Amino acid sequence: MRLAFSIAMRFLSSSKTQTLLIVMGIAIGVSVQVFISSLIQGLQKDLVDTTIGSSSQITVSSSENNRVEDWQGIISEIASLDLPTDLTALSASADVPVFISSGDRTLSVLLRGLQFPESHVIYKTDNRLIDGSLAEGDGEVIVGKGLKDELDVNLGEEISIFTPDRAVEILKVVGVFDLGVASLNKNWLISTIGTAQSVGKLGDTVTSIEMQVSEVFRADENASVISERLSGSALLVTDWKSQNEDLLSGLNGQSVSSIMIQVFVIIAVSLGIASVLAITVVQKSRQIGILKAMGLKDSTTSFVFLFQGLALGIVGAVVGIAFGILLIIMFSTFAVGTDGEPIIRISLSYGFVMLSALIAIGASTIAALVPARRSSKLSPVEVIRNG
Amino acid sequence: MANIIELKDIKKVYGTVVKTEVLHGVDLEIEDSSFLSIVGQSGSGKSTLMNIMGTLDQPTSGEIKIAGKQTNKMNKNELASVRNETIGFIFQFHYLLPEFTAFENVILPYRIKGLKPSKEIMERAKELMEVVEISKVKDNLAPNMSGGQQQRTAIARALINNPKIILADEPTGNLDSDTSAKVFSLMRDLNKRYGTTFVIITHDRRIAEETDRIVEIRDGNIFNDIKR
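Residues numbered from 1 in each chain as written. Chains lettered and ligands numbered in written order. Predicted model: local features only at pLDDT ≥ 70, side-chain atom pairs only at ≥ 80, totals over all residues. Heavy atoms only, no water.

Here we come to the overall build of chain A. Within chain A, the secondary structure is distributed over 15 helices and 10 strands. Here chain A has a C-alpha radius of gyration of 32 Å; the compact-globule value for 387 residues is 21 Å, and the former is much larger. In terms of overall dimensions, chain A has a C-alpha envelope of 105 × 50 × 30 Å along the principal axes. Counting contacts in chain A only where the partners sit at least 6 residues apart, residues at least 24 apart contribute 78% of the total. A total accessible area of about 18,200 Å² is found for chain A, and carbon and sulfur atoms account for 59% of it. Looking at chain A, you have 27 positive and 37 negative side-chain charges, and the mean spots of the two groups are 25 Å apart. (Helix = DSSP H or I, 4+ residues; strand = E, 2+ residues; numbered from the N terminus. Rg over C-alpha atoms; globule rule 2.2 N^0.38 Å. Contact = heavy atoms within 4.5 Å. Areas by Shrake-Rupley, 256 points an atom, 1.4 Å probe, with all protein chains shown as cover. Lys, Arg positive; Asp, Glu negative; His and termini not counted. Charge placed at Lys NZ, Arg CZ, Asp CG, Glu CD.)

The next point concerns the side chain of S258 of chain A. Within the secondary structure, S258 of chain A is located in helix α10 (residues 245-283). Discounting residues that sit within four places of it in the chain, S258 of chain A has contacts with S37 and I40 of chain A.

All names here are of chain B. One open sheet accounts for six strands, arranged β6-β7-β8-β3-β9-β10; its pairing is mixed. Of all the strands in the sheet, the pair left with one neighbour each is β6 (87-90) and β10 (221-227). Adjacent strand axes in the sheet meet at a mean angle of 15° when their direction is disregarded. Packed on one face of the sheet, helix α1 (residues 46-53) meets β3 (35-39), β6, β7 (165-169), β8 (197-202) and β9 (213-218) and runs near 155° to β7. (Pairing = 2+ DSSP bridges. Axes fitted to C-alpha atoms, helices over the stretch in contact; angles between N-to-C directions.)

Residues and elements named next belong to chain B. Overall, antiparallel pairing links the four strands, which are arranged β2-β1-β4-β5 in an open sheet. This sheet does not close on itself; its edge strands, each paired only once, are β2 (20-31) and β5 (69-70). Both strand β4 (residues 61-66) and β5 contribute to a ladder of two bridges, which runs antiparallel. Bridging across to β5, I66 finds its partner in K69.

On to the nonpolar core, then. In this structure, I38, L49 and M53 of chain B are the most contacted members of the largest nonpolar core, which totals 78 residues. Ranked by the residues each element gives to this core, the list is headed by helix α12 (residues 298-334) of chain A, at nine residues. L49 of chain B has contacts with L7, L23, V26, L28, I38 and I217 of chain B, leaving out every residue within four places of it along the chain. Residues L171, L202, A219 and L248 of chain A belong to the second largest nonpolar core, which totals 50 residues. (Core = buried A, V, L, I, M, F, W, Y, C linked by side-chain atoms within 4.5 Å. Buried < 20%, exposed > 50% of the residue type's maximum accessible area, 1.4 Å probe, protein only.)

So, on to the pattern of salt bridges. All names here are of chain A. All told, the structure shown has 19 salt bridges over all chains when counted by the stated rule. Note that D95 is salt-bridged to R112, the shortest N-O span being 3.1 Å. On the criterion of sequence distance, the pair formed by D95 in strand β2 (residues 87-102) and R112 in strand β3 (residues 105-114) is long-range, its members being 17 residues apart. A residue is classified by how much of its surface remains accessible, and D95, at 19% relative accessible area, is buried. (Salt bridge = Lys/Arg side-chain N within 4 Å of Asp/Glu carboxyl O.)

Moving on, we get to a negative patch on the surface. Residue and element names in this part refer to chain B. Taken together, D9, D27, E29 and E31 make up a surface patch of like negative charges. In terms of residue count, the dominant contributor to the negative patch is β2 (three residues). With respect to the helices and strands, the residue E31 is situated in strand β2. A relative accessible area of 36% means that E31 is categorised as partly exposed. (Patch = residues over 30% accessible without salt bridge, like charges linked within 9 Å, V, L, I, M, F, W, Y side chains within 5 Å.)

Before going further, it helps to examine the interface of chain A and chain B. The interface of chain A with chain B comprises 26 residues on the first partner and 26 residues on the second. Of the roughly 2,300 Å² buried where chain A meets chain B, counting both sides, 63% is carbon and sulfur surface. Where chain A meets chain B, there are three salt bridges. Across the pair D298 of chain A and K76 of chain B runs a salt bridge whose closest N-O atoms are separated by 2.9 Å. Where chain A meets chain B, there are nine residue pairs in polar contact (both at pLDDT 80 or more). Contributions of two or more residues to the side of chain A that touches chain B are made by α1 (2-14), α11 (285-293) and α15 (380-386) of chain A. For the side of chain A that touches chain B, the class distribution of residues is 12 nonpolar, six polar and eight charged. (Buried area = accessible area lost by both parts, 1.4 Å probe. Polar contact = N/O pair within 3.5 Å; in protein donor to acceptor, adjacent residues only side chain to side chain. Nonpolar A, V, L, I, M, F, W, Y, C, P; charged D, E, K, R; others polar.)

Attention now goes to the pairing of β3 of chain B. Along any regular strand, the residues point their side chains to alternate faces of the sheet. All names here are of chain B. Burial of β3 is extensive: five of the five residues sit out of reach of the surface. Residues F35, S37 and V39 point to one face of β3 and L36 and I38 to the other, with burial holding for every one of them. One ladder, built from five bridges, connects β3 with β8; its direction is parallel. Within the sheet, the bridge partner assigned to L36 lies in β8 and is V199.

Counted under the stated rule, the structure contains two cavities of 30 Å³ or more. Taken as a whole, the largest cavity spans an internal volume of roughly 100 Å³. When contributions to the lining of the largest cavity are tallied by element, the ones reaching two or more residues are α11 of chain A together with α2 (76-86), β6 and α5 (147-159) of chain B. If one sorts the elements of the lining of the largest cavity by residue count, β6 of chain B sits on top with three residues. Lining the second largest cavity we find F11, L12, S15, Q18, T19, I22, L277, T280, Q308 and L312 of chain A. Residue assignment for the lining of the second largest cavity shows that the elements contributing at least two residues are α1, α2 (16-52), α10 and α12 of chain A. In terms of residue count, α2 of chain A provides more of the lining of the second largest cavity than any other element does, three residues in total. (1 Å grid on protein atoms, 1.4 Å probe; cavity = no way out; pocket = protein on both sides within 12 Å on 5 of 7 lines; lining within 4 Å. Points joined across faces, edges and corners; volume = space filled by probe spheres on them.)

The next subject is the packing of aromatic side chains. Residues and elements named next belong to chain A. The final tally for this structure, using the stated rule, is eight aromatic pairs over all chains. Pairing Y123 with W188 gives two aromatic rings, centres 5.6 Å apart and planes at 75°, and the pair type is edge-to-face. Of the two residues, Y123 sits in helix α4 (residues 120-123) while W188 sits in strand β8 (residues 188-192), which places them 65 residues apart along the sequence. Both residues of the pair, Y123 and W188, count as buried. (Phe/Tyr/Trp six-rings, centres within 6.5 Å; stacked < 30°, edge-to-face > 60°.)

This is how it looks when you write it as structure tokens:
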């Protein structure tokens, strides 16, 4: 075995250009894998984050009258459940559609009564407040940046709103938020639950209980557990996956195409290694013949080529990972948006990098099987007879 | 004296569709420590005979005994061990491994045995290289040596495992007459010094004349067998 290894190393180092070419081939393959998969993972994470990062991922609402009774009870019941993936946020909200008149126009907006501070996890209301303070007392409200401009109100001023049943309420603007989404900034008023309840005449009910989970793609599993627990009541449990099928199939398509690219890269790299090593068998047939004449066993001859494949795979994978990480760093440094942030926040998964390295090493060794077999079948007589 | 190689009714047929019989039943006994030559025109079957004696090729029928062991029923791995331990080969085109230095080439057959070279074997390799006068080029890669140096390295390599038999196929065929004479007298010397049996295959009558026994092969049969 030692001999096979040292012959393999000698064969590789004696034809440096050839060795360098295969190593580069493997390295480029691995780096493409690492880069593409990290890019697509980053892209998906970004996409999921923008789409559902600041909204409810599992929602409990009423299927009948838009009112959820005993919401504190339901919240503590959900909190006590043993769920497939942990909840990162759990809060109630009372939403009331209202109208605001601005000059000669009437704007339709949503007054969202949120449960502070629990709802900060979902809406980041604390971080996204750009002016003033949070709505804490009754009758206080914070407005979106867009709505503030449209209404032309200042902090401390009062606005009057109409509820659907034509009641008029006066609310005081205490802060301005920017949720990063123009439509929300234009359409939301945020207050405490109490304010919204009294405006909407909801009594002590809310309109929904909202949740976020740590593993977003398992939200549906949680939803079914919760819905089983709440069955019997007139409550409806929905999760983001059932309502975003387009997004999901898009993400799926990306994953599949990423896997396809990787599979073909692996195949191309393996074919390259197999063909170069097959040529090496021919190039080195004289040496193999003489080694066999001196008593080298067929199995040891095979190991010479397997070791070559293994060594090429290991070096190629290491260089490839370095290349891939370099590519990612370059991409994150140079492909930046106007705010100086990278266009796509690339996430490097160490597990995947290791997997990709192992696949490359495995593929190189398997690719070396064909030449290894050929070399073990080579007869010394043929070499000696033909010179 | 005991026979080191015994061939009994060796026949060799090449081809499956068109069958060509190259050896027509050769009987040959070679004594231990002898120094003989096998001569014949090219195509006479002498190389085939050598390959069969060296267990590189299997006869179509007949029996072979090498150092008392019947080899024609052994499997490939057993044959490889026999070759490694009992037979040293010297070929016309030297066949050193160009990726290795002269010294590494010399100890290769020992490493093929699966052993880590001991101090003794390193010493033995150095001694052999001194005997064949290649100590100066011991760290040269094979391609950086002259033809004569390469052939002498090949001889040292053939001797490293202290084999009972050296099979030399046209060992001087590729060398000029001066070097050729030196290599020949070296083999003669080694035969006396270590008692190794030398079987030299050649088509050169003048070389054959110098050996103790000349076996002439013609058309796949032993035509002449002269001992002196």
